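One-letter residues, chain by chain:
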Amino acid sequence: MAGRLLGRALAAVSLSVALASVTVKSPGCRGIPAFRNSFSSCWFHLNTNVMSGSNGSKENSHNKARTSPYPGSKVERSQVPNEKVANKTALAGSKTFREDGHVERKSKNGLYENPAGRTGLVGRGLLGRWGPNHAADPIITRWKKDSSGNKIMHPVSGKHILQFVAIKRKDCGEWAIPGGMVDPGEKISATLKREFGEEALNSLQKTSAEKREIEEKLHKLFSQDHLLIYKGYVDDPRNTDNAWMETEAVNYHDETGEIMDNLTLEAGDDAGKVKWVDISDKLKLYASHFQFIKLAAEKRDAHWSEDSEADCHGL
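Under an unreviewed UniProt entry, the name given to the protein chain is ADP-ribose pyrophosphatase, mitochondrial, and the organism recorded is Macaca nemestrina. As its UniProt record puts it under Function (unreviewed entry), the protein chain is described as follows: "Hydrolyzes ADP-ribose (ADPR) to AMP and ribose 5'-phosphate." As stated in UniProt under Sequence similarities (unreviewed entry), the record for the protein chain gives "Belongs to the Nudix hydrolase family. NudF subfamily."

(A) Molecular detail of the UniProt feature "coiled-coil region" (unreviewed entry) in the protein chain. Mapped onto this numbering, the UniProt entry annotates "coiled-coil region" (unreviewed entry) at residues 197–224. Within residues 197–224, the helical portion is 68% and the strand portion 0%, while the C-alpha atoms at the span's ends are 17 Å from each other.

(B) Seen up close, the confidence of the model for the protein chain. Put simply, the protein chain has an average pLDDT of 78, and 71% of its residues get 70 or more. In the predicted structure, residues 25–59 sits below a pLDDT of 50 and forms 79 contacts with residues beyond four places in sequence or in another chain. Ignoring residues within four places in sequence, the model shows residues 311–315, a span with pLDDT below 50, making eleven contacts including any to other chains.

(C) Structural context of the packing of aromatic side chains. For the structure on display, the rule yields four aromatic pairs. Centre to centre, the rings of Tyr230 and Phe292 are 5.0 Å apart; their planes meet at 25°, and the pair counts as stacked. Of the two residues, Tyr230 sits in strand β8 (residues 227–233) while Phe292 sits in helix α8 (residues 289–299), which places them 62 residues apart along the sequence. The buried category is assigned to Phe292, whose relative accessible area is 0%. With a centroid separation of 5.3 Å and 65° between ring planes, the pair formed by Phe290 and Trp304 is classed as edge-to-face. Separated by 14 residues along the polypeptide, Phe290 in helix α8 and Trp304 in the segment after α8 bring together distant segments of the chain. Assigned by exposure class, Phe290 and Trp304 land together as buried.

(D) Highlighting the nonpolar core. Among the nonpolar cores identified, the biggest contains 58 residues, and Ile139, Ile140, Phe164, Phe196 and Ile293 are the most heavily contacted of them. Residues contacting Phe164, with those up to four places away along its chain left out, are Ile139, Ile140, Thr141, Ala176, Ile177, Lys275, Trp276, Val277, Ile279, Leu283, Leu285 and Ile293.

(E) Summary view of the packing of helix α5 (residues 188–200) against helix α6 (residues 208–222). Two elements in contact, α5 and α6, have axes whose closest approach is 11 Å; the angle formed by their N-to-C orientations is 130°. Relative to α6, the element α5 lies oblique. Viewed along their axes, α5 and α6 form a crossing whose handedness is right-handed. Judged by residue contacts, Leu192, Lys193, Phe196 and Gly197 of α5 engage Glu215, Leu218, His219 and Phe222 from α6. For the contact of α5 with α6, the per-class residue count stands at four nonpolar, two polar and two charged.

(F) Quick look at α6. With 15 residues, α6 extends 20 Å between its outermost C-alpha atoms, agreeing within 8% with the 21 Å of an ideal straight helix rising 1.5 Å per residue. On the buried face of α6, the contacting elements are β4 (131–143), α5, β9 (243–253) and α7 (258–261).

(G) Layout of the pairing of β4. The buried fraction of β4 amounts to 13 of the 13 residues, a majority that puts the element mostly inside the structure. Taken together, the eleven bridges between β4 and β9 define a ladder with parallel strand orientation. For Asn133, the partnering residue across the bridge sits in β9 and is Met245. Taken together, the three bridges between β4 and strand β5 (residues 162–169) define a ladder with antiparallel strand orientation.

Conventions and cut-offs
Residues numbered from 1 in each chain as written. Predicted model: local features only at pLDDT ≥ 70, side-chain atom pairs only at ≥ 80, totals over all residues. Heavy atoms only, no water. UniProt positions renumbered as here; feature names shortened; annotations may be inferred. Helix = DSSP H or I, 4+ residues; strand = E, 2+ residues; numbered from the N terminus. pLDDT = per-residue confidence, 0-100. Contact = heavy atoms within 4.5 Å. Phe/Tyr/Trp six-rings, centres within 6.5 Å; stacked < 30°, edge-to-face > 60°. Buried < 20%, exposed > 50% of the residue type's maximum accessible area, 1.4 Å probe, protein only. Core = buried A, V, L, I, M, F, W, Y, C linked by side-chain atoms within 4.5 Å. Axes fitted to C-alpha atoms, helices over the stretch in contact; angles between N-to-C directions. Parallel < 35°, antiparallel > 145°, perpendicular 65-115°, else oblique. Left-handed = near helix turned anticlockwise from the far one by under 90°. Nonpolar A, V, L, I, M, F, W, Y, C, P; charged D, E, K, R; others polar. Expected span 1.5 Å × (residues − 1). Pairing = 2+ DSSP bridges.

Written out as structure tokens, the structure is:
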């Protein structure tokens with residue numbers, strides 16, 4: 001979910017400057033130092049504090065945000081035991097934080113605090129803004145078909161195989177949903193379409209005529225019925241106590257495959273590669289994207305695992 005705003009920020013300053021506001025803090029201390037640089041409930045998780053694993057624990061849903069070293073650096077997080085994670089840190093200077101221009105700085109849980117708790121670091125880190133950094137993740141899916149155009153059924157689960165468009169991120173090399181940051185004042189629907197075009201179709205490098213053609217085809221895809229899969233906190237390795245990722249993951253499904261057949265996938269912007277990927281529990285994806293894809297597969301009643309009782313692994 002690397003976005004244009006974050007990309008510009010990282011291009012303008014070095015990593016050492018970007019990490020100047022990151023401070024290691026003991027998980028037992030409740031305060032934070034002054035900043036240096038001041039559709040059904042089964043599928044739609046609205047305003048959740050964290051995305052829990054299938055067993056209901058928060059351990060698997062708040063794991064990547066506690067890993068060390070911090071991305072692109074040698075900064076080590078302070079270890080945060082599971083029992084200390086819930087000791088949330090209130091944001092210092094909240095008045096300034098809330099008046100950040102026209103950008104909504106409130107978390108999707110309605111509060112001005114990290115909804116998942118402690119991460120072992122305070123400050124802003126690599127993220128562009130204090131508090132929630134809002135993103136949008138378009139999950140574009142189609143059915144896998146054979147040469148005759150028939151849906152392919154998995155031999156074990158007996159369910160049809162669903163595919164989604166995945167990109168390989170340039171920054172970390174992990175496969176991910178082609179999403180990105182919501183620009184100030186931008187509607188989520190516009191972000192979803194723009195980011196997919198930029199990262200999966202390389203629309204930024206197209207001619208005016210090519211851009212118009214892509215826009216017409218994308219409009220057909222993004223104007224149809226869709227599913228809001230998830231809305232809330234994302235377990236992202238860039239998160240800190242005071243700056244974290246939140247997203248809306250939305251599934252746009254091309255039932256016949258005709259729309260996407262007329263669009264050529266081409267990596268662009270923050271993507272190094274792009275391709276159609278078969279959905280299953282064998283996937284290893286960036287941040288919380290594994291769970292978003294799992295929810296999409298469940299909603300579409302598609303193949304997920306050869307073990308019908310399999311839990312959500314791999315996060």
